[in-house]
Amino acid sequence: MDFLPKVRTEDGIAFIEINNPPLNIIDNGVITAILSILDEVESDPSCRALVLSGAGEKGFSAGASVEEHRPEQAPDMIKQMVRLFERLHNTPLVTLAAIHGVCFGGGAELALACDFIVASEDVKFSIPEITLGCYPPFAMLQLPTQIGNRRAKEMILSGKGINAEIMSSFGLANLIVQRNELIEAATGFLQKILINPPDIVSLTLKRMRMLESSNSFSDNQQMGQLFLEDLMSHPDYIEGITSFLDKRKPAWGNMRMKEKR
């Protein structure tokens, strides 16, 4: 892989910048690198928080690799995503996604997996998987508990995105700031947490995450497995992925398939 996430640590905060231009696609290599960085920073007891951001002007991330959604690659892609979300769920670090520009699909799921989100005014937040003939297994766990079932269904079933103002009104973003203030604002947001006793912050966070049962590892595993079972041989899934890679409009069927009973 030519581009790897960049990391620096300052005042107890690790800053990981996804660096996979032009759109910071989250592929197997990016996930492996983030997991390796987590191993490194978690081993340092002076490190207490993590900020995830995206390099470049276009955005945080346009999502998971569509190429890795091919049926022969999808099982490994799902396994890696589950590993990443498991680590974020179990890390002793306070996690924050600092997002700007495009934040789509798997990138949005990664942001939602963090404890907090600070977004820039230019953010475009979207769960567009339905437009590719599939569904977002992890956002289906994340969004209902964060914004309610009706809003989650609207976002997931339409594939339509929302802006920073709506993110804030939905409670998805803790803070909306100007683009050039994003990392500074994320740092300031965390500092008001990190002034508190380190062990008690980690313990409290651990118990609060435990209560967020929809984000549990077992549920992520189950949804990942259902994704594979439901979609890998489905003609609309194959058409959606193929048409995207071929850069053409998908040709969907116009009727539901009858359910198997």
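Conventions and cut-offs
Along every chain, residues carry numbers that run from 1 in the direction the sequence is written. The predicted origin of the model limits local features to residues at a pLDDT of at least 70 and limits the giving and counting of side-chain atom pairs to 80 or more, whereas totals for whole chains, interfaces and linings rest on all residues. Hydrogens are left out, water is left out, and the side-chain values use all remaining heavy atoms of the structure. In what follows, salt bridge is the name for a side-chain nitrogen of Lys or Arg lying within 4 Å of a carboxyl oxygen of Asp or Glu. Counting from the N terminus, the helices are the DSSP runs of H or I reaching at least four residues and the strands are the DSSP runs of E reaching at least two. Remark: exposure states derive from per-residue accessible area (1.4 Å probe, protein chains only) relative to the maximum for the residue type, with buried under 20%, exposed over 50%, and partly exposed in between. The contact rule is simple, with two residues in contact once any of their heavy atoms fall within 4.5 Å. Here, nonpolar core means buried Ala, Val, Leu, Ile, Met, Phe, Trp, Tyr and Cys residues that are tied together by side-chain atoms lying within 4.5 Å of each other. As used in this structure description, the phrase polar contact means that two N or O atoms lie within 3.5 Å; if the pair is within protein, one of them must be able to donate a hydrogen and the other to accept it, and residues adjacent in sequence are counted only when both atoms belong to side chains. We call Phe, Tyr and Trp rings a pair once their centres come within 6.5 Å, taking the six-membered ring for Trp, and we label the pair stacked below 30 degrees between planes, edge-to-face above 60, and tilted otherwise. Cation placement over rings: the criterion is NZ of Lys or CZ of Arg within 6 Å of the ring centroid and within 35° of the ring normal.

Colleague: Describe the pattern of salt bridges, and please don't skip the residues or the numbers.
Modeller: Under the criterion given, the structure shown has 6 salt bridges. Glu 42 serves as the salt-bridge partner of Arg 87, at 2.9 Å between the closest nitrogen and oxygen. On the criterion of sequence distance, the pair formed by Arg 87 in helix H2 (residues 74–90) and Glu 42 in helix H1 (residues 28–42) is long-range, its members being 45 residues apart. Judged by relative accessible area, which is 26%, Glu 42 ranks as partly exposed. Each of the salt bridges in this network shares a partner with another, and the network as a whole consists of Asp 39, Glu 42 and Arg 87.

Colleague: Any chance you could break down the environment of Ala 108 for me, citing the residues and the numbers?
Modeller: With respect to the helices and strands, the residue Ala 108 is situated in helix H3 (residues 105–112). The exposure class assigned to Ala 108 is buried, which follows from its relative accessible area of 0%. In this structure the C-alpha to C-alpha distance between Ala 108 and Ala 62, which are 46 residues apart in sequence, comes to 8.3 Å. Excluding residues that lie within four positions of it along the chain, Ala 108 makes contacts with Cys 103, Phe 125, Ser 126 and Ile 127.

Colleague: Explain the nonpolar core to me, using residue names and the numbers behind them.
Modeller: Membership of the largest hydrophobic core comes to 63 residues, with the highest contact counts inside it found for Ile 99, Leu 110, Phe 125, Leu 143, Met 167, Leu 172 and Phe 227. Top element by residues in this core is H2. It accounts for 8 residues. Beyond its immediate chain neighbours, meaning those up to four positions away, Ile 99 contacts Phe 60, Ala 111, Ile 117, Val 118, Ala 119, Ser 120, Val 123, Phe 125, Met 167 and Leu 182. In this structure, Phe 15, Phe 116, Val 118 and Ile 193 belong to the second largest nonpolar core, which totals 19 residues.

Colleague: With reference to specific residues and values, describe the side chain of Thr 95.
Modeller: In this structure, Thr 95 sits in strand S5 (residues 94–99). Classification of Thr 95 by relative accessible area gives buried; the value is 0%. Engagement of the side chain of Thr 95 in a polar contact is seen with the backbone nitrogen of Asp 115, the distance being 2.9 Å. Not counting the four nearest positions on each side in its chain, Thr 95 is found in contact with Leu 50, Leu 88, Ala 113, Cys 114, Asp 115, Phe 116 and Arg 209.

Colleague: With reference to specific residues and values, describe the packing of aromatic side chains.
Modeller: Throughout the structure, instances matching the rule amount to 4 aromatic pairs. A centroid spacing of 5.7 Å and a plane angle of 85 degrees characterise the contact between Tyr 135 and Phe 227, whose relative ring orientation is edge-to-face. Here the residue Tyr 135 occupies a position in the loop between strand S8 (124–126) and helix H4 (139–147), and Phe 227 occupies one in helix H9 (residues 217–231), the gap between them amounting to 92 residues. One exposure class covers both Tyr 135 and Phe 227, and it is buried. Following the ring pairs from residue to residue traces out a cluster consisting of Tyr 135, Phe 227 and Tyr 237. Directly above the ring of Phe 15 sits Arg 8, whose terminal nitrogen or CZ lies 4.1 Å from the centroid.

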